[in-house]
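Observations on the three-dimensional arrangement
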Amino acid sequence: MTPEHVVFCTPYRSARELDYLDAVLTSGHVHGDGEFTRRATALLAGIIGHERILLTSTGSDALEICSILLGVGAGDEVIVPTYTFASAATAVALVGATPVFVDSDDRDGNIDPAAIAAAITERTRAISVMNYAGVGVDMGAIRAIADAHGLPVIEDDAHGLGARTDGIVLGTRGDLAIQSFHDTKNVHSGEGGALIVNRADLWERAQVVRQKGTDRSRFLRGEVDRYTLLDVGSGYSMSELSAAVLTAQLEEFDAIQRERHRVWTAYRTGLDAWADSQGVQLMSPGPQHEHPAHIFFLQVPDAADRPVMLAHLRERGILATFHYVPLHDSPGGMRFGRTSGDVARATSFAARLVRLPLWPALSDEQVDRVRDAVTDFRVAAR
Ligand SMILES: *Cc1c(COP(=O)(O)O)cnc(C)c1O
């Protein structure tokens, strides 16, 4: 008898999502900015502790809005970690600017503040950072550099909804921040995202850019008697269908997080002795981080160990995987970006990374199977 595969990720199912979808479809208001957009936004505001939140159709769209709001344009540069998701670079390239790729720390995968400082030129228009695995970047150091140069910070918190570093909720320290509700994230709406506008002076314009460059948001609030084109923008709002699912999921946020932490902690304790014996580094966020159990990763000693380990796990029915290919080394990144300084640590981090299955409905028995398969693996003798 072959046991079923332990898949890498399955999108969360919430109890009320079908009822809420039915409510949207019978209400006659299926496009964006209805009852469920209001409810999901209020739930997010409760988690993040911030009122200026706009739901968007994807996290990538929210990153595009950041470029527009910060006036990034042709001839400008935006500093981006090479170890991040593609959208961080396309959001810059789409407005005609150049993403400048820099190195990351080889322990947590987060952007290296010293590499940011070294990459600043007179063309730099913004600094884009990402909280990898929902473990906060060194925002104190990054803000100090940004403030010294008068540069805004874009905080991609797609992995880190509700997580904290030094007690501060992630997504609240960038001038602008984004969340993603793609179905691979802790809380999802199929596709979806949010823009968090931490700077009050960008709030009005953020609403206009999200509504195809119009003042439709003010019209909906009864502040103007018709809506008109004021600015550039696009159709960035979230459908009520997605907002209905998002609302149902956010209502179960605490339960989702509890189950994810159950799995994460079982891996962390169950693999500790094996990791020590093999020279493997397990993800180990410091005590200042309340991470969101979005990812459990480990680092094998040598890049050559990774395909062997992934194949070993696959043979045992465990679908583990790697993660980002550094952007400086991708065809798109090479075409429209440039690299600043040495990116060896990010490259090594990316090449040695293995992520284990992590989703709320993983049973304890499945978690034990993953642990046993991992601890049966031996890295090549060095
Ligand atoms: C998921 C993700 C995004 C946004 O993805 P969308 O699919 O557009 O919502 C952005 N940045 C990071 C780091 C991500 O993981």
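Residues numbered from 1 in each chain as written. Predicted model: local features only at pLDDT ≥ 70, side-chain atom pairs only at ≥ 80, totals over all residues. Heavy atoms only, no water.

A separate point is the overall build of the chain. Looking only at helices and strands, one finds 15 helices and 14 strands in the chain. For 382 residues, the compact-globule formula gives about 21 Å, and the C-alpha radius of gyration of the chain, at 21 Å, lands near that figure. When the backbone C-alpha atoms are referred to their principal axes, the chain occupies close to 70 × 55 × 35 Å. A total of 382 residues make up the chain; the buried ones form 55% of that total. Of all intrachain contacts in the chain linking residues separated by at least 6 positions in sequence, the fraction that spans at least 24 positions is 71%. Summed over all atoms, the accessible surface of the chain reaches about 15,800 Å², with 52% contributed by carbon and sulfur. Put simply, the chain has 36 plus and 50 minus side-chain charges, and the middle of one group is 1 Å from the middle of the other. (Helix = DSSP H or I, 4+ residues; strand = E, 2+ residues; numbered from the N terminus. Rg over C-alpha atoms; globule rule 2.2 N^0.38 Å. Buried < 20%, exposed > 50% of the residue type's maximum accessible area, 1.4 Å probe, protein only. Contact = heavy atoms within 4.5 Å. Areas by Shrake-Rupley, 256 points an atom, 1.4 Å probe, with all protein chains shown as cover. Lys, Arg positive; Asp, Glu negative; His and termini not counted. Charge placed at Lys NZ, Arg CZ, Asp CG, Glu CD.)

So, on to the layout of surface pockets. Of the voids in this model, the largest pocket is the one considered here, and its volume is about 520 Å³. Contributing to the lining of the largest pocket are 29 residues, with H159, H182, T184, K185 and Y324 lying nearest its centre. Among the secondary structure elements, those contributing two or more residues to the lining of the largest pocket are α3 (59-69) and β8 (176-180). For the lining of the largest pocket, the element with the most residues is α3, which contributes 3 residues. Each of domain 1 (17-250) and domain 2 (253-375) accounts for three or more of the residues forming the lining of the largest pocket. Roughly 380 Å³ of internal volume is contained in the second largest pocket. In terms of lining, the second largest pocket is formed by 17 residues, of which the most central are D33, T37, T41, I53 and L54. Secondary-structure elements contributing two or more residues to the lining of the second largest pocket are α2 (35-48), β1 (53-56), α7 (203-210) and α8 (216-220). (1 Å grid on protein atoms, 1.4 Å probe; cavity = no way out; pocket = protein on both sides within 12 Å on 5 of 7 lines; lining within 4 Å. Points joined across faces, edges and corners; volume = space filled by probe spheres on them. Domains from an automatic or database assignment.)

Before going further, it helps to spend a moment on the environment of L271. Structurally, L271 can be placed in the loop between α10 (253-270) and α11 (272-278). Sequence separation between L271 and V374 is 103 residues, and the spatial gap between their C-alpha atoms is 7.7 Å. If sequence neighbours within four positions are ignored, L271 has contacts with L282, F296, L356, R371, V374 and T375.

Turning our eyes to something else, we now look at the nonpolar core. With 42 residues, the main nonpolar core has Y132, Y267, W274, L298, M309 and L356 as its most contacted residues. Taken together, the elements giving at least two residues each to this core come down to α10, α11, β12 (297-299), α12 (305-315), α14 (344-351), β14 (353-355) and α15 (364-375). With 4 residues, α15 is the largest single contributor of residues to this core. A domain-level breakdown of this core finds at least three residues from each of domain 1 (17-250) and domain 2 (253-375). (Core = buried A, V, L, I, M, F, W, Y, C linked by side-chain atoms within 4.5 Å.)

With that out of the way, let us pick up the domain arrangement of the chain. One frequently used descriptor of interface size is the decrease in accessible area upon assembly of the parts. By domain assignment, the chain separates into domain 1 (17-250) and domain 2 (253-375). Centre-to-centre, using C-alpha coordinates, domain 1 lies 25 Å away from domain 2. Facing 49 residues of domain 1, the contacting portion of domain 2 comprises 38 residues. Carbon and sulfur atoms make up 59% of the surface buried where domain 1 meets domain 2, a total of about 3,600 Å² over both sides. When the buried area of domain 1 at its contact with domain 2 is split by residue, Y83, F101 and N186 rank highest and sum to 20% of it. Across the domain 1-domain 2 interface, the total number found is 3 salt bridges. The tally of links from domain 1 across to domain 2 stands at 20 residue pairs in polar contact (both at pLDDT 80 or more). When residues of the side of domain 1 that touches domain 2 are traced back to their parent elements, those giving at least two are β2 (77-81), α4 (86-93), β3 (98-102), α5 (113-119), β6 (164-165) and α9 (240-250). Top element by residues in the side of domain 1 that touches domain 2 is β3. It accounts for 5 residues. Of the residues assigned to the side of domain 1 that touches domain 2, the class counts are 23 nonpolar, 16 polar and 10 charged. (Buried area = accessible area lost by both parts, 1.4 Å probe. Salt bridge = Lys/Arg side-chain N within 4 Å of Asp/Glu carboxyl O. Polar contact = N/O pair within 3.5 Å; in protein donor to acceptor, adjacent residues only side chain to side chain. Nonpolar A, V, L, I, M, F, W, Y, C, P; charged D, E, K, R; others polar.)

Inspection of the region around the ligand gives 13 residues, with G59, S60, D156, S180 and K185 positioned closest. Its free accessible area being 380 Å², the ligand has 94% of it covered by the protein chains. More than half of the atoms belonging to the ligand lie within 2 Å of the grid points that define the largest pocket. Of the residues that constitute the shell around the ligand, the class distribution is 4 nonpolar, 7 polar and 2 charged. (Near = heavy atom within 4 Å. Sits in = over half its atoms within 2 Å of the grid points.)

Next up on the list: the packing of aromatic side chains. In this structure the tally under the stated criterion is 12 aromatic pairs. Here Y83 and Y132 contribute two aromatic rings whose centre-to-centre distance is 5.1 Å and whose plane-to-plane angle is 75 degrees, an arrangement assigned as edge-to-face. Residue Y83 is located in the loop between β2 and α4, and its partner Y132 is located in the loop between β4 (124-130) and α6 (139-149); the two are separated by 49 residues in the primary sequence. The class of Y132 is buried, set by a relative accessible area of 0%. Judged by centre distance (5.9 Å) and plane angle (85 degrees), the ring pair of Y132 and F349 falls under edge-to-face. In this pair, Y132 is assigned in the loop between β4 and α6 and F349 in helix α14, connecting sequence segments 217 residues apart. Ring-pair connections join several aromatic residues into one group, and the members of that group are Y83, F85, Y132, F297, Y324 and F349. (Phe/Tyr/Trp six-rings, centres within 6.5 Å; stacked < 30°, edge-to-face > 60°.)

Further remarks concern the sheet that holds β12. Two orientations exist for strands paired in a sheet by backbone hydrogen bonds: parallel and antiparallel. Spatially, 3 strands are ordered β10-β12-β14 in an open sheet, and the strand pairing comes out antiparallel. On the outer flanks of this sheet lie β10 (281-282) and β14, each paired with one strand and no other. Here 2 bridges tie β10 to β12, and the two strands are oriented antiparallel to one another. In the sheet register, L282 faces β12, and the bridge partner there is L298. (Pairing = 2+ DSSP bridges.)

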